[in-house]
Amino acid sequence: MARVVILGAGVAGHTAALHLRRMIGREHTITVVSPNSQWNWIPSNIWVGVGVMSKKDVVFPLAPIYRRKGIDFRQAKAVAVRPEGDETDPTGAVDIVYTDPARKDQQERLRYDYLVNATGPKLRFEATEGLGPHGGNSVSVCTADHAVEASAALRASIERMKRGERQTLIVGTGHGTCTCEGAAFEYTFNVDHELKEAGVRDKAELIYLTNEAQLGDFGVDGMLFSQRGYQQSSRMWTESLFTERGVHSILGAHVHKVDPGVVHYETLDGEMHEQPFDFAMLLPPFGGVDLKAYDRAGNDISETMFNPAGFMKVDADYTPKPYEEWRAEDWPETYEVPGRPNVFAVGIAFAPPHQISRPQKTRNGTMIAPAPPRTGMPSGIMGKTVAMTIRDRINGQPAAVHKASLAKIGAACVASAGTGMREGSAAAMSMFPVVPDYQRYPGSGGRDFKGTRGDIGLFGHWVKYSLHHLFIYKAKALPGWQYIPE
Amino acid sequence: MSEPAKTSPVITAYKDAPVPTKASLRWRRNIPLQLVKFAEFNGRLAMMVLKGHDDH
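In what follows, the accompanying structure is described.

Definitions and cut-offs
Residues numbered from 1 in each chain as written. Chains lettered and ligands numbered in written order. Predicted model: local features only at pLDDT ≥ 70, side-chain atom pairs only at ≥ 80, totals over all residues. Heavy atoms only, no water. Helix = DSSP H or I, 4+ residues; strand = E, 2+ residues; numbered from the N terminus. Buried < 20%, exposed > 50% of the residue type's maximum accessible area, 1.4 Å probe, protein only. 1 Å grid on protein atoms, 1.4 Å probe; cavity = no way out; pocket = protein on both sides within 12 Å on 5 of 7 lines; lining within 4 Å. Points joined across faces, edges and corners; volume = space filled by probe spheres on them. Nonpolar A, V, L, I, M, F, W, Y, C, P; charged D, E, K, R; others polar. Salt bridge = Lys/Arg side-chain N within 4 Å of Asp/Glu carboxyl O. Phe/Tyr/Trp six-rings, centres within 6.5 Å; stacked < 30°, edge-to-face > 60°. Lys NZ or Arg CZ within 6 Å of the ring centre and 35° of its normal. Pairing = 2+ DSSP bridges. Axes fitted to C-alpha atoms, helices over the stretch in contact; angles between N-to-C directions. Expected span 1.5 Å × (residues − 1). Contact = heavy atoms within 4.5 Å. Buried area = accessible area lost by both parts, 1.4 Å probe. Polar contact = N/O pair within 3.5 Å; in protein donor to acceptor, adjacent residues only side chain to side chain. Core = buried A, V, L, I, M, F, W, Y, C linked by side-chain atoms within 4.5 Å. Left-handed = near helix turned anticlockwise from the far one by under 90°.

## Overview of the overall build of chain B
Part 1 of the argument: A count of helices and strands for chain B gives two helices and zero strands.
Part 2 of the argument: By the burial criterion, 25% of the 56 residues in chain B qualify as buried.

Right, dumping it as structure tokens:
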């Protein structure tokens, strides 16, 4: 009998748990540890944030799904990993603290034979003074509750515009090292759409404030497309959309502070600026969750297992080297922790070997470096891949390994730009692979033109809307869920 | 932190960006064309799933 413990019930952890459950016999246990009682389809939070969906449309309780599938669910947060066990038992263990109201703050040590760290990000609002909804001066769409609050703030701003007031709305990244620029991008254009629907677009200055050095970077060093016989860049394509919609932009920005009604930020040239606002939705930078690691004697070995940002180190090449020397092969394939063949980290929890976009420093030494996205489709693929590896190892193949390098898998990014089955739109991008491989695909931005494409139109909204329903269906493990690809 | 700069970094428009014509905007909502694009996009996703997964 094997005990599998999965930390986190987001896209990566939930996918790993569901696939493993159908792949291995019931004599093996699967335990999912998540501090949240509900599953959240995060890509649709932007629709909650503009008020076209409610919270209940994007979340559902996890416990009934896990009960039905025979997965042990603990509503708790992991606080320590003990890969060598402790003084009483050499079996690996995880210390958890319950967030479940019925057992709140109780602690427990769970033993595991296989551990999957899929804890997702810690939302580091504290990295920027005054950032975020928890006592700060901006809103967020990172969680469903944040998005509900953002929607209320947006509606209040729209009401003021209806009374004739002009408003400045800022949407973007709240720190120079943020990721998920695509989410900020789509929230920007959904706000634009809602302002038009409310008949107040002429009363608003809408500004996209980003750490990207140029539009269309999206934290993946931009994309090149081959369309109508020409190479087009995601930069040109995105600049076109901003110009067409009258959305203003601030590029290469690190936000230092958010005061009530004023964002203080630095640009790549080292200049400091202030931007007054009436409404600001700014994303926080991500870090690893507060998880420590200890050896058998109880010594802190966190530095050997996590990078300084708190992400778990896996089978990547973390050798420090200049941007020009980074290679696609540096990226992990198996997500196995070196020297610990029964521990894996997937989704946002694994430490990327380097940025994909060129990191830059201002003359003041401020780092402005979009972090690599590793959410959504790639997270699901990583979760399933690790599940297959664990399945094979449980079934007597200790050397079995399955691979899913971000430098070999593709991803779709569908950025909604307005809702409606006949009047909606979205910028639909696909990239193959996610991490550009400039040696394998020279002259095409490091990607395969066949899989890399961007287009804007109503079809993009249909894709985004279909994905919303398909992935919630899949996450609920309803009949045939396993045939829906990650 | 030094004093705020006097010039605004806010970019209001990209002069060299190709702006779509009214016809292009209409095509973006043309149902038959969008159905074809919907199928194409899903085809590319299927290609990624087939090529990118180590699905053994």
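## Remarks on empty space enclosed by the protein
Residue and element names in this part refer to chain B.
Part 1 of the argument: Using the criterion set out here, one finds one cavity of 30 Å³ or more in the structure.
Part 2 of the argument: Empty space within the largest cavity amounts to approximately 30 Å³.
Part 3 of the argument: The element contributing the most residues to the lining of the largest cavity is helix H2 (residues 31-52), with four residues.
Part 4 of the argument: Partitioning the lining of the largest cavity into residue classes produces two nonpolar, no polar and five charged.

## Some words on the pattern of salt bridges
Residue and element names in this part refer to chain A.
Part 1 of the argument: Evaluation of the coordinates by the stated rule reveals 36 salt bridges over all chains.
Part 2 of the argument: Residues Lys-56 and Asp-57 are paired through a salt bridge, measuring 3.9 Å at the closest nitrogen-oxygen approach.
Part 3 of the argument: On the accessibility criterion, Lys-56 (67% relative accessible area) is exposed.
Part 4 of the argument: A relative accessible area of 31% places Asp-57 in the partly exposed class.
Part 5 of the argument: A salt bridge links Glu-159 to Lys-162; the shortest N-O distance between them is 3.9 Å. Remark: Lys-162 and Glu-159 occur in helix H4 (residues 144-162); sequence separation between them is three residues, near one turn of the helix.
Part 6 of the argument: Here Glu-159 falls in the partly exposed class, since its relative accessible area comes to 41%.
Part 7 of the argument: Salt bridges linked by common partners bring Arg-82, Asp-86, Asp-89, Asp-95, Arg-109 and Arg-111 together as one network.

## Section: the layout of surface pockets
All names here are of chain A.
Part 1 of the argument: Reported here for the second largest pocket is a volume of approximately 730 Å³.
Part 2 of the argument: In terms of lining, the second largest pocket is formed by 28 residues, of which the most central are Asn-307, Ala-309, Phe-311, Pro-352 and Gln-355.
Part 3 of the argument: Among the residues forming the lining of the second largest pocket, the class breakdown is 15 nonpolar, eight polar and five charged.

## Things to note about the packing of aromatic side chains
Residue and element names in this part refer to chain A.
Part 1 of the argument: Under the criterion given, the structure shown has 16 aromatic pairs over all chains.
Part 2 of the argument: On the basis of an interplanar angle of 10° and a centroid distance of 5.0 Å, the ring pair of Trp-41 and Phe-471 is categorised as stacked. Note that Trp-41 is positioned in the loop between strand S3 (38-40) and helix H2 (45-49) and Phe-471 in helix H9 (residues 458-475), a separation of 430 residues in sequence.
Part 3 of the argument: On the basis of relative accessible area, Phe-471 is assigned to the buried category, the value being 15%.
Part 4 of the argument: Summarising the aromatic geometry, the rings of Tyr-335 and Phe-350 are spaced 5.2 Å apart at their centres and angled 65° between planes, so their arrangement reads as edge-to-face. Taken together, the positions of Tyr-335 in the loop between helix H7 (302-305) and strand S21 (336-337) and Phe-350 in the loop between strand S22 (340-345) and strand S23 (360-361) put the pair 15 residues apart, joining distant regions of the chain.
Part 5 of the argument: Accessibility expressed as a relative area gives 0% for Tyr-335, which makes it buried.
Part 6 of the argument: Phe-350 gets classed as buried once you look at its relative accessible area, which sits at 0%.
Part 7 of the argument: Taken together through their ring pairs, the aromatic side chains of Phe-185, Phe-189, Tyr-208, Phe-218 and Phe-242 make up a single cluster.
Part 8 of the argument: In this structure, Arg-374 packs its charged tip against the face of Phe-350, placed 5.9 Å from the ring centre.
Part 9 of the argument: The aromatic ring of Trp-47 is capped on one face by Lys-464, whose charged end is 5.7 Å from the ring centroid.

## Regarding the sheet that holds strand S15 (residues 253-259) of chain A
Residues and elements named next belong to chain A.
Part 1 of the argument: A sheet is described by the order of its strands in space; here three strands give the open sequence S15-S16-S17, paired in antiparallel fashion. Of all strands in the sheet, those with a lone pairing partner are S15 and strand S17 (272-276), marking the two edges. Each neighbouring strand pair of the sheet contributes to a mean axis angle of 25°, computed without reference to strand direction.
Part 2 of the argument: Relative to S17, strand S16 (residues 262-267) is paired through five bridges, and the arrangement is antiparallel.

## Some points on helix H5 (residues 181-197) of chain A
Residues that lie three or four places apart on an α-helix share one face, since the helix turns once every 3.6 residues.
All names here are of chain A.
Part 1 of the argument: Helix length check: H5, at 17 residues, gives a terminal C-alpha distance of 24 Å against a target of 24 Å (1.5 Å per residue), a fit within 8%.
Part 2 of the argument: The buried fraction of H5 is high, at 14 of 17 residues.
Part 3 of the argument: Directly after H5, the chain includes Gly-199, whose backbone phi takes a positive value near 75°.

## As for the interface of chain B and chain A
Part 1 of the argument: With 37 residues of chain B at the contact, the number on the chain A side is 56 residues.
Part 2 of the argument: In total, about 4000 Å² of surface goes out of reach between chain B and chain A, with carbon and sulfur atoms giving 65% of it.
Part 3 of the argument: Contact with chain A buries surface across chain B, with B:Tyr14, B:Phe41 and B:Met48 losing the most and accounting together for 16% of the total.
Part 4 of the argument: Here chain B is connected to chain A by two salt bridges.
Part 5 of the argument: Where chain B touches chain A, the interface holds 11 residue pairs in polar contact (both at pLDDT 80 or more).
Part 6 of the argument: Split into classes, the residues belonging to the side of chain B that touches chain A amount to 21 nonpolar, seven polar and nine charged.

## Considering the nonpolar core
Part 1 of the argument: Grouped together as the largest cluster of nonpolar side chains are 139 residues, with contacts concentrated most on A:Phe185, A:Tyr187, A:Tyr335, A:Ile390 and A:Leu406.
Part 2 of the argument: In terms of residues, this core owes the most to one element, helix H8 (residues 376-394) of chain A, which gives eight residues.
Part 3 of the argument: If we skip the residues at most four places from it in the chain, A:Phe185 touches A:Tyr208, A:Phe218, A:Thr238, A:Leu241, A:Phe242, A:Ala415 and A:Ala427.
Part 4 of the argument: By size, the runner-up hydrophobic cluster in this structure holds 15 residues, among which are A:Leu209, A:Ala253, A:Val263 and B:Val10.

## A closer look at the packing of helix H1 (residues 11-23) of chain A against H8(A)
In a pair of packed helices, the angle between the axes and the distance between the axes together describe the arrangement.
Residue and element names in this part refer to chain A.
Part 1 of the argument: Between H1 and H8, the shortest axis-to-axis distance is 8 Å and the interhelical angle comes to 35°. Between H1 and H8 the crossing geometry is right-handed. Contacts between H1 and H8 involve Val-11, Ala-12, Thr-15, Ala-16, His-19, Leu-20, Arg-22 and Met-23 from the former and Gly-376, Ser-379, Gly-380, Gly-383, Lys-384, Ala-387, Met-388, Ile-390 and Arg-391 from the latter.
Part 2 of the argument: Looking at side-chain class alone, the contact of H1 with H8 contains eight nonpolar, six polar and three charged residues.

## Focus: the sheet that holds strand S11 (residues 204-209) of chain A
Residues and elements named next belong to chain A.
Part 1 of the argument: The sheet built from four strands is open, its strands ordered S14-S11-S10-S18 with parallel pairing. Looking along the sheet, the strands with just one partner apiece sit at the ends: strand S14 (248-250) and strand S18 (279-283). When strand polarity is set aside, the average angle formed by the axes of neighbouring strands in this sheet is 15°.
Part 2 of the argument: When strand S10 (residues 167-173) meets S18, the two strands line up parallel, connected through five bridges. Within S18, the position partnered with Ile-170 by the bridge is Ala-280.
Part 3 of the argument: Along the sheet face, H4 touches S10, S11 and S18 and points at about 155° away from the line of S10.

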